[in-house]
Amino acid sequence: MCGIVGVISKLKNGFWQQHVSLFEEMLKMDSIRGPDSTGVFGVNKSGKIDVLKGDSDGYLFTRSGDWGEWKKRMGDIYRIAIGHNRKATRGNISPENAHPFKEQNITLVHNGTIFNQKEFSAEVEVDSHAIAHALLDADASAALEKINGAFALVWFDQNQKTLNLARNKERPLCLLEYVAFWIISSEAGLPIWLN
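Conventions and cut-offs
Residues numbered from 1 in each chain as written. Predicted model: local features only at pLDDT ≥ 70, side-chain atom pairs only at ≥ 80, totals over all residues. Heavy atoms only, no water. Helix = DSSP H or I, 4+ residues; strand = E, 2+ residues; numbered from the N terminus. Rg over C-alpha atoms; globule rule 2.2 N^0.38 Å. Buried < 20%, exposed > 50% of the residue type's maximum accessible area, 1.4 Å probe, protein only. Contact = heavy atoms within 4.5 Å. Areas by Shrake-Rupley, 256 points an atom, 1.4 Å probe, with all protein chains shown as cover. Lys, Arg positive; Asp, Glu negative; His and termini not counted. Charge placed at Lys NZ, Arg CZ, Asp CG, Glu CD. Pairing = 2+ DSSP bridges. Salt bridge = Lys/Arg side-chain N within 4 Å of Asp/Glu carboxyl O. Phe/Tyr/Trp six-rings, centres within 6.5 Å; stacked < 30°, edge-to-face > 60°. Axes fitted to C-alpha atoms, helices over the stretch in contact; angles between N-to-C directions. Polar contact = N/O pair within 3.5 Å; in protein donor to acceptor, adjacent residues only side chain to side chain. 1 Å grid on protein atoms, 1.4 Å probe; cavity = no way out; pocket = protein on both sides within 12 Å on 5 of 7 lines; lining within 4 Å. Points joined across faces, edges and corners; volume = space filled by probe spheres on them. Nonpolar A, V, L, I, M, F, W, Y, C, P; charged D, E, K, R; others polar.

**Let's talk about the overall build of the protein**
At step 1: Each helix and strand in the protein was counted, giving 7 helices and 10 strands.
At step 2: Taken against the 2.2 N^0.38 rule, which gives 16 Å for 195 residues, the C-alpha radius of gyration of the protein at 15 Å falls within 12% of a compact globule.
At step 3: The principal-axis extent of the C-alpha atoms belonging to the protein is close to 45 × 30 × 30 Å.
At step 4: Within the span of the protein, comprising 195 residues, buried residues form 54% of the whole.
At step 5: Long-range contacts, defined as pairs at least 24 residues apart, comprise 64% of the intrachain contacts of the protein with a sequence gap of at least 6.
At step 6: Summed over its atoms, the accessible surface of the protein is roughly 8,900 Å², and 49% of this surface lies on carbon and sulfur atoms.
At step 7: In the protein, 22 side chains carry a positive charge and 23 a negative one; their mean positions are 5 Å apart.

Rendered as structure tokens:
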């Protein structure tokens, strides 16, 4: 089991401080879904991606100096912030195997386990990383049809400048709309409780 959280701003100037704080608290609390590693990616208004990841739970991750710098950029320049808490089911626990996975124009986080990762990429250790390859090599509909296993996915395509969400019936993924922003969460009650 892994967890996905995210905040998407509707505002021209990006995030208010309360949105940044909400994202940080969701990332920490979502460690219940995945204590093995934590990672985030931010997207600015021109579609540039900024990734930070490590092999610790959300609480320790958000105490690092790198997190402090990333969080400042979130408040200053990002329009989208996506976070992931990993429960390692495939592959070693390491910063490299933490989500998000970036392959050229695709940056992805995944909750679930797939059984046919070798069909997408034989070189990667983590099944989620293989899905990033699948989305790079085919259109999304075709890639999703080929996945054998449970998934909830959030990915940004830098070529299309689109944020994409997909899930099957085996994994939760909620999208909640507020006046100034949207929230993505694997735990339906998490953003409601924190907001």
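Here the narrative resumes.
**Describing the pairing of strand E8 (residues 162-167)**
At step 1: As paired strands, strand E7 (residues 152-157) and E8 are joined by 6 bridges and run antiparallel to one another. Its bridge partner lying in E8, alanine 152 is registered against arginine 167.
At step 2: Between E7 and E8, which pair antiparallel one after the other, the connecting turn spans 4 residues, and lysine 161 there sits at a positive phi close to 55 degrees.

**Topic: the side chain of aspartate 127**
At step 1: Residue placement: aspartate 127 occurs in helix H5 (residues 127-137).
At step 2: Within the buried core, aspartate 127 has no salt-bridge partner, and the shortest N-O distance to an opposite charge, that of arginine 90, equals 4.3 Å.
At step 3: When neighbours within four sequence positions are excluded, aspartate 127 is seen to be in contact with Arg90, His110, Gly112, Thr113, Ile114 and Gln117.

**A word on the packing of aromatic side chains**
At step 1: Taken as a whole and assessed by the stated rule, the structure comprises 6 aromatic pairs.
At step 2: A centroid spacing of 6.4 Å and a plane angle of 25 degrees characterise the contact between phenylalanine 23 and tryptophan 67, whose relative ring orientation is stacked. Note that phenylalanine 23 is positioned in helix H1 (residues 17-29) and tryptophan 67 in helix H3 (residues 65-76), a separation of 44 residues in sequence.
At step 3: Taking relative accessible area as the criterion, tryptophan 67 reaches 1% and is therefore assigned buried.
At step 4: Ring centres of tryptophan 70 and tyrosine 78 lie 5.1 Å apart, and the angle between their planes is 50 degrees; on these two criteria the pair is classed as tilted.

**Structural notes on the sheet that holds E8**
At step 1: The 4 strands lie next to each other as E5-E6-E7-E8, forming an open sheet whose pairing is antiparallel. Because the sheet does not close on itself, it has two edges, and the strands there are strand E5 (101-103) and E8. Ignoring which end each strand starts from, the neighbouring axes of this sheet average 20 degrees apart.
At step 2: As paired strands, E5 and strand E6 (residues 106-111) are joined by 3 bridges and run antiparallel to one another. Its bridge partner lying in E6, glutamate 103 is registered against isoleucine 106.
At step 3: The strands touched by H5 within the sheet are E5, E6 and E7, with E6 carrying the most contacts at an inclination of about 135 degrees.

**Brief notes about the environment of aspartate 57**
At step 1: Mapped onto the elements, aspartate 57 comes out in the loop between strand E3 (49-54) and helix H2 (58-61).
At step 2: Sequence separation of aspartate 57 and lysine 87 is 30 residues, and the distance between their C-alpha atoms is 9.6 Å.
At step 3: Sequence-distant contacts of aspartate 57, defined by excluding residues within four places in its chain, comprise Ser31, Pro35 and Thr38.
At step 4: Within the structure, the side chain of aspartate 57 is placed 2.9 Å from the backbone nitrogen of leucine 60, a separation counted as a polar contact.

**Comments concerning empty space enclosed by the protein**
At step 1: Evaluation of the coordinates by the stated rule reveals 1 cavity of 30 Å³ or more.
At step 2: Each pocket or cavity is described by its volume, and for the largest cavity that value is around 50 Å³.
At step 3: In terms of lining, the largest cavity is formed by Cys2, Arg86, Lys87, Ala88, Thr89, Arg90, His99, Gly112, Val126, Asp127 and Ser128.
At step 4: Its residues assigned to classes, the lining of the largest cavity comprises 3 nonpolar, 4 polar and 4 charged.

**Some thoughts on the pattern of salt bridges**
At step 1: Tallied over the entire structure, the rule returns 6 salt bridges.
At step 2: For the salt bridge of glutamate 25 with lysine 28, the shortest nitrogen-to-oxygen distance reads 2.9 Å. On the criterion of helical spacing, the pair formed by glutamate 25 and lysine 28 is a turn pair, its members being 3 residues apart in helix H1.
At step 3: A salt bridge links arginine 73 to aspartate 50; the nearest nitrogen and oxygen atoms lie 2.7 Å apart. With arginine 73 in helix H3 and aspartate 50 in strand E3, this residue pair connects regions lying 23 residues apart in the sequence.

Geometric values such as these leave the question of function open.
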